[in-house]
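Report on the structure
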Amino acid sequence: MLRIQLRFPVDLQYFNGEKTEKATPKKKQDARKKGQVAKSSDLSPAFAITSIFTLLYVFGSSMLDSFERILRETLTTYLLWDVNQENLGVIVSQIGFEAIKIVGPIFGFAIVVALAVNYMQVGVNFTTEPLMLKLDKINPIQGAKRIFSMRTIVELLKSILKISAGIYVAYTILWSAKDTLIKLSLTSVEDVLAFTGDEVVKLGLFIGILLLILAVSDYVYQRYEYEKSLRMSKQDIKDEYKKSEGDPLIKSKIKQRQRQMAMQRMMQELPKADVVITNPTHFSVAIRYEAGAMSAPTVIAKGQDYIALKIREIAKKNRIVIMENKPLARALYSQVEIGQQIPEEMFKAVAEVLAYVYKLQGKVK
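Quick caveat: nothing in here was measured; it's all calculated off a predicted structure. Sequence order as written defines the numbering, with residues in each chain counted from 1. Under the rules for a predicted model, residues below a pLDDT of 70 receive no local features and side-chain atom pairs below 80 are neither given nor counted, while totals for whole chains, interfaces and linings still include all residues. Where side-chain values are given, they derive from all heavy atoms of the structure, hydrogens and water being excluded.

Remarks on the nonpolar core
Let me state the cut-off plainly: Put simply, a nonpolar core is a bunch of buried Ala, Val, Leu, Ile, Met, Phe, Trp, Tyr and Cys residues held in one set by side-chain atoms that sit within 4.5 Å of each other. The cut-offs for exposure are 20% and 50% of the maximum accessible area for each residue type, with area from a 1.4 Å probe on protein chains only; residues under the lower value are buried, those over the upper are exposed, and the others partly exposed. The way it works is that DSSP assigns letters per residue, a run of H or I at least four long becomes a helix, a run of E at least two long becomes a strand, and they are numbered from the N terminus. Any two residues whose heavy atoms approach within 4.5 Å at even a single point are treated as in contact.
Grouped together as the largest cluster of nonpolar side chains are 21 residues, with contacts concentrated most on Val275, Ile277, Ile287, Leu332, Val350, Val353 and Val357. Mapped onto this core, the elements with two or more residues apiece are strand E1 (275–278), strand E2 (283–288), strand E4 (321–324), helix H12 (326–335) and helix H13 (347–361). Broken down by element, this core gets its largest block of residues, 5 residues, from H13. Among residues more than four places away in sequence, those in contact with Val275 are Val285, Ala286, Ile287, Ile320, Val321, Met323, Val353, Leu354 and Val357. With 12 residues, the next largest nonpolar core counts Leu270, Ala301, Ala315 and Ile320 among its residues.

Quick look at the structure:
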């Protein structure tokens, strides 16, 4: 039997597309535009309920006094008024105004807290993508899959846990006050209201704190599920990079074409050179100087190895002087780009070369 043993590590992700990589910023941004964010729907209500009963715990006594004053005013004054349209309007407006003074700040504060918590989770994100009609939402097969999905089961377990925990907290608080409940019939109305208010606030605080703990846990779970749903395979990351940055193969072809065009322009300018300084085989640098138009000699072409050979061939065809100067050729190639003037420290060496060339050609520049 022929056995083949792989001698190199193989990353199976490239074959099965396993999503093990964290989502890129672009993937998260695209998901956010579609309304997909890490959010717990229980967190805002939990904070709102806790804040409401916290305020009731702090300002409950003054609110109860205001309520008793309204009740006393109703029993001692309003009941003695004649029932007509004008009196009913005054009664409703006065009682409504006092009621708003009592409960308005609390509910206003609860709304602000809920909005702040929602902003901390999601931030500002206006999108109509979730409202758009999608065929898979009315697909019965997909609907059945959503009904029996793991997320649905988790949500059901969460609801059962919240209801059970709430019932247990209510039972515990009421059971601890059972002795007082039995004696309520023997106490005054004021004591009954005070006891009822205290127990309601206590029950609300405990349930609010319980919901808050469950909501924070749910947010951690939702965050985990969100990150998991956005995971990408290495191939996904490569495809995204290609879309955003362009295909590397196409980019390399563009760069190759740009180099070819630059080479053609350089070779077209080469016949205008005054001299070509060589290494003699590894480097070739073509220099041009025009006294009226240039403040210093300029490199119009340069190359190494094969390109250096082509520069020398074109120079020979155009009867351009070729001079061997190893250190100068190497320095010009490494320090001066095409189209740049030679630096000041090379003036003397290049001037000597040009003077020699002009002497050979019988020119004076």
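Let's talk about the sheet that holds E4
Definition in use: Strands were regarded as paired on the criterion that DSSP finds at least two bridges between them. Throughout, an axis means a line fitted to C-alpha atoms (over the contacting stretch in the case of helices), and angles, computed between N-to-C directions, take values from 0 to 180 degrees.
Spatially, E3-E2-E1-E4 is the arrangement adopted by the 4 strands of the open sheet, whose pairing is mixed. Where the open sheet ends on each side, the last strands, each with one partner, are strand E3 (298–304) and E4. For this sheet, the mean inter-axis angle between neighbouring strands, taken without regard to orientation, is 20°. Bridge count for E1 against E4 is 4 bridges, and the pairing is parallel. Bridging from a neighbouring strand, Thr278 pairs with Glu324 of E4. In the packing of helix H11 (residues 306–317) onto the sheet, the strands contacted are E1, E2, E3 and E4, and the crossing angle to E3 comes to about 125°.

Quick word on the environment of Met346
Relative to the elements of secondary structure, Met346 occurs in the loop between H12 and H13. The buried category is assigned to Met346, whose relative accessible area is 6%. Along the sequence, Met346 and Leu328 sit 18 residues apart, while their C-alpha atoms lie 8.2 Å from each other.

Some words on the confidence of the model for the protein chain
In plain terms, the rule: Values of pLDDT, the confidence the predictor places in each residue, fall between 0 and 100.
Averaged over all residues, the pLDDT of the protein chain is 78; the fraction at 70 or higher stands at 85%. Note that residues 1–15 has pLDDT below 50 and, in this model, 9 contacts with residues that lie over four places away or in other chains.

Details of helix H4 (residues 85–122)
Cut-off, in case you're wondering: Fitting axes to the seven residues ending at a residue and to the seven starting there, one defines the bend at that residue as the angle between these axes. Any pair of nitrogen or oxygen atoms within 3.5 Å is treated as a polar contact; in protein, a donor-acceptor pairing is required on top of that, and neighbouring residues in sequence qualify only through side-chain atoms on both sides.
The largest bend in H4 amounts to roughly 40° and is located at Val103, with the proline Pro105 lying one to four residues further along. Here H4 has its buried residues at Asn87, Ile91, Ile102, Ile106, Ala110, Val113, Val117, Gln121 and Val122. Tucked inside the fold, the buried residues of H4 contact helix H2 (25–33), helix H3 (43–76) and helix H8 (189–229). Two or three places before Glu86, at the opening of H4, Asn84 has a side-chain oxygen 3.2 Å from that residue's backbone nitrogen. Gly123, located one to two residues past H4, shows a positive phi value of around 80°.

Here's the deal with the UniProt feature "transmembrane region" (unreviewed entry) in the protein chain
To be explicit about the condition: UniProt positions are given in the numbering used here, feature names are shortened, and annotations may be inferred rather than shown by experiment.
The UniProt record annotates "transmembrane region" (unreviewed entry) at residues 43–64, 102–124, 156–177 and 203–221. Note that residues 43–64 is 100% helix and 0% strand, and that its end C-alpha atoms are spaced 29 Å apart. For the annotated span residues 156–177, helix accounts for 95% and strand for 0% of the residues, and the straight-line distance between the end C-alpha atoms is 32 Å.

Let's talk about the side chain of Glu199
With respect to the helices and strands, Glu199 occurs in helix H8. Apart from the residues within four sequence positions on either side, Glu199 is in contact with Ile173 and Ala177.

Details of the packing of aromatic side chains
How we decide: Any two rings among Phe, Tyr and Trp, with Trp reduced to its six-membered ring, count as a pair given centres within 6.5 Å; such a pair is stacked if its planes are under 30 degrees apart, edge-to-face if over 60, and tilted if neither.
Evaluated as defined, the whole model comprises 2 aromatic pairs. Residues Tyr171 and Trp175 carry aromatic rings whose centres are separated by 5.9 Å and whose planes lie at 20° to one another, so their mutual orientation is stacked. Placement of both Tyr171 and Trp175 in helix H6 (residues 150–176) is noted, with a separation of 4 residues, approximately one turn of the helix. Between Phe283 and Tyr333, the aromatic rings sit 4.8 Å apart at their centres with planes inclined by 45°, giving tilted as the arrangement. Of the two residues, Phe283 is situated in strand E2 and Tyr333 in helix H12; the sequence distance between them amounts to 50 residues. The class of Tyr333 is partly exposed, set by a relative accessible area of 24%.

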